[in-house]
Structure formats: C-alpha cells, structure tokens
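Topology and contacts: notes
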Amino acid sequence: MSFIDISDQKEIALIERVNDVYIKKGVKQTTMDDMAQALNVSKKTLYKYVKNRKELVMKSTSFHVRRDRHKVTEIQNKNYNPIIEQHELAKFVVKTISKVNPVLHFDLENYFPEAWSFLNEYFNGFVFQSLRSNLIRGQKEGVYHENFNPEIVARFFATRIDLIFDGELFPSAEFNFKEIYIEYVMYHLNSIVSEKGKLILKKLDFKHL
C-alpha cells in the first residue's frame, strides 16, 4: 500500500480538516467551493496542494487510512489479551464511524473508484493481517477455540466490513453504523471464543462502547 506523502505541516493540517468535512458531509455533493467555504479558506489555498477534487479526495483517504493504521498499531503494541485488544480496537472504530455520514462510502465506491480501491487494499491487507495475528495469538493463549482456520476467518471479517455501510442492506433510517458494527464484532467474537475466553468477554461491555 502506497501512501501519498504529505510532509508539509500546513498541508497536513489542511487535509485533516478536509477529511473531517468529507466524513461529515460526504464527498459527491461537496464541491471545491463548498470545501473552501467549510474550511474558511480560498479555493486558491486548496489548489496550492491539489490539482482537482479527485486528488483532494485521494489525499484525504490516504490521510484517513494512515491515521487509522497508526492508532490500530498503537493499540496492538500494548500487548493486551487478544479479546481485550478487540475491545479496544472496537472502541476506536466506533468513535470513528459514529461521525461518518451514511453517504460517504456510497460516494467513494460509485464516484471515486481509486479512493475506494485504496480503502479496500487497506482492509484486505493491513486489517486482514492484524486480525489474523490476533486470531493466531488468541488460539495459542487459549482464549479462542481451535476449531477454526485463522486465515479464513480473518478474510471473512476483513472483506465484509463494507457491508456495515451498505445503505440498501441497512437503511440509515433504521440502523446506525455504531449499532451494526458492534453486532458484527460480537457475532465474530461469540463464534470463536473458548470457555476461557467467554469469562473475559462477559466482563467487557461491548454494547455501550
């Protein structure tokens, strides 16, 4: 996965704000004029760093993924019990997706395929590898049972995350991303924990992340 290199501190600060606007408002309906107004900057300032909206969306996506990966790695480096690690990761994810406009993923998938492909590469690469490591470690430590293949289960989990944002499957008027994600994680964990793991899972409050 190749991140877009952003080393200028002013650009980093700008792209972080751009990312927040896209998360809140979506991408397709947010023109360069809208973005400039939302950030209280001139369009000239935006075009100082990008050639067009497509490049701005790509930089924003790259920034978002880099920031997420850094936080996930930070949590993993704490060497929590594998189930507690999943709880901490879920807390971080819930905090992030609670702010996401339901149209964002639809916009990226249908109108900005390069950015969407970059996101999928992240899920199918880093997220998959991270989860597989967690599953293998959990089996070794006895908190997950041994009757599943970590390689296959990790692929199931990583590649199906996008279903959370499927507006047809989960209409925003009836569901919210936080609720769907927590159910997804609980469904996953309840299917793999051992008897030892169940005791740990019972002590963790996933429902109120």
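To keep things clear, this report deals only with the structure shown in the data block.

Here is what the cut-offs are and how they apply
Residues numbered from 1 in each chain as written. Predicted model: local features only at pLDDT ≥ 70, side-chain atom pairs only at ≥ 80, totals over all residues. Heavy atoms only, no water. Helix = DSSP H or I, 4+ residues; strand = E, 2+ residues; numbered from the N terminus. Rg over C-alpha atoms; globule rule 2.2 N^0.38 Å. Buried < 20%, exposed > 50% of the residue type's maximum accessible area, 1.4 Å probe, protein only. Salt bridge = Lys/Arg side-chain N within 4 Å of Asp/Glu carboxyl O. Contact = heavy atoms within 4.5 Å.

With that out of the way, let us pick up the overall build of the protein chain. Looking only at helices and strands, the protein chain has ten helices and zero strands in total. Beginning at the N terminus, the succession of helices and strands in the protein chain can be written as α-α-α-α-α-α-α-α-α-α. Computed over the C-alpha atoms, the radius of gyration of the protein chain is 19 Å, within 12% of the 17 Å expected from 2.2 N^0.38 for a compact globule of 209 residues. With the principal axes as the frame, the protein chain shows a C-alpha extent of 60 × 40 × 25 Å. Taken over 209 residues, the protein chain has a buried fraction of 46%.

So, on to the pattern of salt bridges. In this structure the tally under the stated criterion is 13 salt bridges. Close ionic contact of E141 with R137 constitutes a salt bridge, the shortest N to O distance being 3.4 Å. With E141 and R137 both in helix α7 (residues 113–141) and four residues apart, this pair spans about one turn of that helix. Taking relative accessible area as the criterion, R137 reaches 24% and is therefore assigned partly exposed. D162 serves as the salt-bridge partner of R160, at 3.9 Å between the closest nitrogen and oxygen. Residue classification places R160 among the partly exposed positions, given a relative accessible area of 38%.

Along the polypeptide, M58 turns up in helix α4 (residues 53–76). Judged by relative accessible area, M58 falls into the buried class, the value being 16%. Residues M58 and F118, 60 residues apart in the sequence, show an inter-C-alpha distance of 8.5 Å. Here M58 is in contact with I4, E114, A115 and F118, once residues within four sequence places are set aside.

This paragraph deals with the environment of Q37. Residue position: Q37 is located in helix α2 (residues 32–39). On a C-alpha basis, the gap between Q37 and E74 in space is 34 Å, while along the polypeptide they are 37 residues apart.

Fair warning: the whole summary comes from geometry, so function is off the table for now.
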